[in-house]
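Residue strings, one per chain:
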Amino acid sequence: MTTPFPASADLTICFAHAAYRMGEEFARRDTGLNYFEVRNAEDFAARIGEADVVVVSGMWRNVPVERATRLRFIQSISAGLDQYDLDVLRAHNIRLASAQGVNANAVAEHAMGLMLALTRKIHTSRDNQTRRFWRPMIGNPAEREDELAGKSLLIVGLGGIGLRLARFARAFDMTVTGVKRDISVKLEGVDRLVSPDKLAQAIGEADIVALTCPLTPETTDLIDARMLGLMKPSALLVNCARGKVVDEDALVAVLEAGGIAGAGLDVLREEPLPATSPLWGFENVLITPHVGGETAAYEARVVDLLIENLARLGRGEASLANQVI
C-alpha cells in the first residue's frame, strides 16, 4: 500500500543548487511550507535526510539515495535526466518530475544566437575588440561574413526546443528539415521531415546542423566521425543538446582538417571544459559554458511546476506535471 504524501504541516522541501535562487522565489509565494536551501554537494548530502521533497539537478548524482530516508518526490530543475537512476528511484518509491519546457525558448534563442554569431563572425570581432584591432574588409567571398537567409538548417530533436528553433529559422528565411520518427505529421516551421535512418543523407545536404535532442542510448555519439565526414566543408555544427551527443575527438579531428566551417558548442562531454582541450584553440569554434537554458525567469517557472506537483501529490493524484516516475 502506498504511504500517503505528508501533510503540508509535516512537509519539508530542500532546494539544492549552487546558483539558482529557488528559495527566494519560493518564499515569495508565501505557501507556509517548510523549506531550506543548500548551495553545495557536501551540505546536500549532509541534510538530504531532512527532506520530503528536493528540488535539484546536477547535485543529485553526488548523494547516496539511502540517506534520503524521508524523500518522496524530486522536482528536477533540469529537463535532462541522465543524473537520475530511475530504477533506484522506483525501488525507493520516489517520484520524479522534470523541468521540461521551462527553458525551451531560452535554448532555442541561444542556438539561434550561435548560428548568427558564427555566420556573422561576431565572436571573432569580439576577439579583435579585446586586442583593439580593426580588421580590414575581407576580399575572398568564401571567408567573409555570410547570411542565414537561403541556408538549409537540419534540426536533430524536434521537441519544444527544436520546434521553437524551427520557427525562428523560418523567420530568417531558412529552409528547415527536422529528424523525426513519424514523418507523416505536419509541424509548424518545418519544411521537411526525415526519419532517423535518413540522417546521413540529410546531414550531407545541410548548411547548419543544430542538435536539440535529449541524451539517450540512441543519441550518444550520434554525431560521430562518419556523420561529421558527411557534412559540407562550408557547414556549421551547433550543439545545444548534450555534450555526449557528439564524438568530441572526431569533432576536433574534422576541425583540424578543415572538414567543416565551424561549430557553436554550449554543451561539452566534460564540463567545465578542461583547459587542455584543443577546442579552446579554434577561431571558428564558439564555446559558451552550458548557459543555453539560462533565463531570468527560470526560478519562477520551476517553482510554478513544483507548486502544481505538490498540489497534485497532496490530493493523492497519480499523474504529475512533466511526470517521469
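Let me begin by describing the structure that accompanies this report. (Residues numbered from 1 in each chain as written. Predicted model: local features only at pLDDT ≥ 70, side-chain atom pairs only at ≥ 80, totals over all residues. Heavy atoms only, no water.)

Here we come to the nonpolar core. Core analysis: the largest hydrophobic core is formed by 35 residues, its most contacted members being Leu237 and Leu251. Ranked by the residues each element gives to this core, the list is headed by helix α9 (residues 248-256), at five residues. Among all residues touching Leu237, those that are not within four sequence positions of it are Val209, Leu211, Leu228, Met231, Val246, Leu251, Ile260, Gly262, Ala263 and Gly264. (Core = buried A, V, L, I, M, F, W, Y, C linked by side-chain atoms within 4.5 Å. Buried < 20%, exposed > 50% of the residue type's maximum accessible area, 1.4 Å probe, protein only. Helix = DSSP H or I, 4+ residues; strand = E, 2+ residues; numbered from the N terminus. Contact = heavy atoms within 4.5 Å.)

This part takes up the sheet that holds strand β3 (residues 53-56). Across the sheet, which stays open at both edges, the five strands sit in the order β2-β1-β3-β4-β5 with parallel pairing between neighbours. If you trace the sheet from one side to the other, it starts and ends with β2 (34-38) and β5 (95-97), each paired once. Adjacent strand axes in the sheet meet at a mean angle of 15° when their direction is disregarded. Relative to strand β4 (residues 73-76), β3 runs parallel, the two sharing four bridges. The partner of Val55 across the bridge, within β4, is Gln75. Along the sheet, helix α10 (residues 298-314) makes contact with β1 (12-16), β3, β4 and β5, crossing β4 at roughly 155°. (Pairing = 2+ DSSP bridges. Axes fitted to C-alpha atoms, helices over the stretch in contact; angles between N-to-C directions.)

Below, the discussion takes up the pairing of strand β6 (residues 152-156). With five of five residues buried, β6 lies mostly within the body of the structure. On β6, burial covers both faces: Ser152, Leu154 and Val156 on one face and Leu153 and Ile155 on the other are all buried. Taken together, the five bridges between β6 and strand β7 (residues 175-179) define a ladder with parallel strand orientation. From the neighbouring strand, Val156 faces β7, where its bridge partner is Val179. Between β6 and its parallel partner β7, the chain crosses via helix α6 (residues 160-171), and the hand of that crossover is right-handed. As paired elements, β6 and strand β9 (residues 208-211) share four bridges and run parallel to each other. Bridge assignment links Leu154 to a residue of β9, and that residue is Val209. (Right-handed = clockwise from strand over helix to strand, strands pointing away.)

Purely geometric stuff here, so don't read any function into it on its own.
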